[in-house]
Amino acid sequence: MAAALSASEQKKDILVLESAPRVGRKLLATGNGRCNLINMLDAPYYGDAGFAKQVLDACNRADVLAFFHGLGLVTREEGGGRVYPGSGQAASVLDVMRKALDRRGVAILCDGKVQRITRQKNGFRVTAGENSYDGKKVIVACGGMAGGKLGHDGGAYALLTAFGHTLKQPLPALTPLLADKKVIKGLSGLRLPAILTLCDGEKPVSRAAGEVLFTDYGVSGICAMQLSADVHRAKKPILYADFSPMMGLVPCLYERLPVGDVYENLDKVQRLLKDRSSLLPREEVLCGLLPRLLSEKMQGLTGQQLAKMLCAFAIPITGLRGFEYAQVTRGGVNTRDFDAHTMESALQKGLYAAGEILNVDGDCGGYNLLFAFASGILAGKAAAQ
Ligand SMILES: Cc1cc2nc3c(=O)[nH]c(=O)nc-3n(C[C@H](O)[C@H](O)[C@H](O)COP(=O)(O)OP(=O)(O)OC[C@H]3O[C@@H](n4cnc5c(N)ncnc54)[C@H](O)[C@@H]3O)c2cc1C
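Residues numbered from 1 in each chain as written. Predicted model: local features only at pLDDT ≥ 70, side-chain atom pairs only at ≥ 80, totals over all residues.

Got a sec to walk through the overall build of the protein chain? Specific residues and values, please.
Helices and strands together make up the secondary structure of the protein chain, namely 13 helices and 21 strands. In terms of overall dimensions, the protein chain has a C-alpha envelope of 80 × 40 × 35 Å along the principal axes. The 385 residues of the protein chain split such that 44% are buried. Residue pairs at least 24 apart in sequence account for 74% of intrachain contacts in the protein chain once pairs closer than 6 positions are excluded. (Helix = DSSP H or I, 4+ residues; strand = E, 2+ residues; numbered from the N terminus. Buried ≥ 20, exposed ≤ 12 C-beta atoms within 10 Å, placed from the backbone. Contact = placed C-beta atoms within 7 Å.)

Dropping the structure here:
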């Protein structure tokens, strides 16, 4: 939609083909229905990170913000640089885009799953079901496999690989982690601020701070989901939860952190327990310090075991919840043969790609939509020349 809107500024004949019964269904599900559409802060991208940077240099955050303001959307920036529609509703983002497409005469055909794109003498033929459509230029913006029915089944990658583009294996990212159920037994429903370090055995792989949610199958919450794509990098993935932020020993941060020693806050936890134990019986210390589910789980431990559990509660990870529950795809079509300023294929002139179908993904917080919109705007502008 961003690509079509950007192209429509040049008054071209544009057709949007959408496989679903309606456009923008995933947009409505974003940000818990609030649509965190941009993040104003710098953060790393994954996959072809250098390409993502070039795209965001060519169409930066201010450009994407101006694009939406130009459509009449009022936006509001919240903590951590997260930008939402002022209305607090994802529907506002979809509505301003749809109304502008309509006003500018862009045709939209839903229930039109594209199966094939073939080169013709003067452009391309796009085949969707029984119908085919000819056009001079084609932009492929089919998204990724994340989000269950809101994503595609992997077939859309063939639209680009058919022209010689290569694929980095798609994996679910920003998805909850499955854990050893014996270890987390009794904690389901517990939501608290923590620092999570994902290790391969003993070796730290990645780390994030934020809200963690224990479930009956494992660990969820943005903080845990941020680490999910790194689980594939560990042969023996173990998640260490440090509850120091919940105990007020360190600030409650909501961000990725540089990897560090899992027992970093052990001294602080030991000191806190020692101070409190000198005033109160153990049971009362735990009762006033920890949520009930956690304090019940910690009953009967020695002082040393308790301190270790509170700063490095080891949770063996058994897998990921998969694409159905994932917010984004790690992997996708390699960007090596695309121009980051125009999103045009170097292998096939007139063919463009944008968004999550490419091998670029970002953290939670507006980075994925930002990349999708920025690359779409660039592709639309270039294709309309
Ligand atoms: C639950 C959830 C919450 C999220 N929250 C956020 C958030 O708050 N902030 C953020 O930045 N990111 C968020 N994301 C990620 C973000 O939504 C995606 O990265 C982004 O939508 C990708 O944009 P896109 O245009 O590339 O793909 P999409 O938005 O997926 O759009 C691609 C469209 O192409 C259609 N399509 C697919 N295959 C075909 C085909 N063969 N023919 C025709 N049409 C086809 C699809 O139906 C879809 O409508 C969230 C994702 C999920 C699942």
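Describe in detail the site of the ligand, supporting the description with residues and values.
The ligand sits among 32 residues. The nearest are Gly31, Gly143, Gly147, Gly355 and Leu369. Secondary-structure elements contributing two or more residues to the shell around the ligand are α2 (25–29) and α13 (367–383). Tallied by class, residues from the shell around the ligand come to 15 nonpolar, 12 polar and five charged. (Near = placed C-beta within 6 Å. Nonpolar A, V, L, I, M, F, W, Y, C, P; charged D, E, K, R; others polar.)

Go over the pairing of strand β9 (residues 131–135), please, and point to the residues and values.
For a regular strand, side chains alternate in direction, first toward one face of the sheet and then toward the other. Here strand β8 (residues 123–128) runs beside β9; their pairing, made up of five bridges, is antiparallel. By the bridge assignment, Ala128 is partnered in β9 with Asn131. Counted between consecutive antiparallel strands, the loop separating β8 from β9 contains two residues, among which Gly129 sits at a positive phi close to 60 degrees. (Pairing = 2+ DSSP bridges.)

Lay out the nonpolar core with the relevant residues and their values.
Grouped together as the largest cluster of nonpolar side chains are 61 residues, with contacts concentrated most on Tyr352, Ala353 and Ala374. Here the element with the most residues in this core is α13; it accounts for 12 residues. Apart from residues no more than four positions distant in its own chain, Ala374 is found in contact with Val55, Leu56, Cys59 and Val64. Core analysis: the next-biggest nonpolar cluster, separate from the first, contains 51 residues, Ala179, Leu187, Leu239 and Leu320 among them. (Core = buried A, V, L, I, M, F, W, Y, C linked by C-beta atoms within 7 Å.)

Explain unusual backbone geometry to me, using residue names and the numbers behind them.
A positive phi angle is found at Asn32, which is not glycine, with a value near 55 degrees. With respect to the helices and strands, the residue Asn32 is situated in the loop between α2 and β2 (38–39). Residue Asn32 is classed as exposed on the basis of its C-beta count, with 8 C-beta atoms lying within 10 Å. Although it is not a glycine, Leu174 adopts a positive phi angle of roughly 50 degrees. Tracing the backbone through its elements, the reader meets Leu174 in the loop between β11 (167–173) and β12 (177–179). The exposure class of Leu174 is buried, given the 23 C-beta atoms found within 10 Å.

Function cannot be read off these values alone, since they describe shape.
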